[in-house]
Amino acid sequence: MSKFREKYLSDIWNLPNVLTILRMALIPIFVVFYATGLEKLSLLVFLIASFTDWLDGHLARKHQQITAFGKLMDPLADKLMVCTALICQGVRGIFPWPAILIVMTKELAMIVGGTYMLGHGIVVYAHYLGKAAQFSFIIALILSFWHREFVAMALPLDRVFLWIAVAIALAALIEYGISSVKTLSGRCPDTPQERRRSS
C-alpha cells in the first residue's frame, strides 16, 4: 500500500489533476440537477465535465505534467460520469437497459481486471478503442437530452450512437483483456522466431 501511495498519490497537485478531481466532484451535482428536473443544468454540468476531460489531457501533455495519478484517475473519472449519466437516462426510459447493463458489466470486468493488475504493480492505461468508445458515449448522452425531438422525427440518433458506443466498448474490453494477458505473461512476441521461442 505504501508503494501505491508513493507512486500514485504523491505530488498530485497540478492543474490537470485538479481538473480530474473537479470532474469527479461534478458527478453528484449532475445527479441532483437531473433528479430535480433541471435537465438543461444537468446537461451543462455534463458538458463542463466533458470539456475538463479534454482540457486536463491537453494541459498535461503541453506542460509535461503527466502523472501516475492522472493516468489512473482520469479514465476512472470519465467512466463514473458517463455511467452515472447513462443510468439516469435509463431510469427516465430514454436509453434501453440492455445497452446500459452491457456497459455496466464491461466496466465491472475492467475494474476487477484493473484491480488484479494493480495488485501485480501494473496499470493498463486506456487505449484508442476505449477513448473512441468514451467519445461515442458522450455524443450519445448529449443527443439524449433531445430524445423526444428525435423520436418525433423517427430518427433516434442518440440511441444509434449509444449502440455504436457499446460495440466499440466491447471491442475495447477484448483489447484490454489481450493486452493484460500479454503484460502478465511478460512476453509479447512480434516475429515468427519469437513466437516459436515463446511456445
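As the structure is a computational prediction, the values presented were derived from the model and not from experiment.

### Remarks on the overall build of the protein chain
Looking only at helices and strands, the protein chain features nine helices and zero strands. The order of α-helices and β-strands along the protein chain, N terminus first, is α-α-α-α-α-α-α-α-α. For the protein chain, the residues scored as buried account for 38% of the 199 residues in total. Taking as baseline every contact in the protein chain between residues at least 6 positions apart, the subset at least 24 positions apart corresponds to 77%. Here the protein chain has roughly 11400 Å² of accessible surface; of this, 70% comes from carbon and sulfur atoms.

### So, the side chain of Ser136
Inspection of the secondary structure puts Ser136 in helix H6 (residues 128-144). Apart from residues no more than four positions distant in its own chain, Ser136 is found in contact with Phe161, Ala165 and Ile168.

### Looking at the packing of aromatic side chains
Centre distance and the angle of the planes are the two values used to describe a pair of aromatic rings. A full pass over the atoms with the stated rule returns four aromatic pairs. With a centroid separation of 6.4 Å and 80° between ring planes, the pair formed by Tyr34 and Phe145 is classed as edge-to-face. Residue Tyr34 is found in helix H2 (residues 15-35), and its partner Phe145 is found in the loop between H6 and helix H7 (147-152); the two are separated by 111 residues along the sequence. Considered together, Tyr34 and Phe145 belong to a single accessibility category, that of buried residues. Taken together, the aromatic side chains of Phe30, Tyr34, Phe46 and Phe145 make up a single cluster linked through ring pairs. The cationic tip of Lys40 hangs over the ring face of Trp146; the distance from NZ or CZ to the ring centre is 5.8 Å.

Conventions used here
- Residues numbered from 1 in each chain as written.
- Predicted model: local features only at pLDDT ≥ 70, side-chain atom pairs only at ≥ 80, totals over all residues.
- Heavy atoms only, no water.
- Helix = DSSP H or I, 4+ residues; strand = E, 2+ residues; numbered from the N terminus.
- Buried < 20%, exposed > 50% of the residue type's maximum accessible area, 1.4 Å probe, protein only.
- Contact = heavy atoms within 4.5 Å.
- Areas by Shrake-Rupley, 256 points an atom, 1.4 Å probe, with all protein chains shown as cover.
- Phe/Tyr/Trp six-rings, centres within 6.5 Å; stacked < 30°, edge-to-face > 60°.
- Lys NZ or Arg CZ within 6 Å of the ring centre and 35° of its normal.

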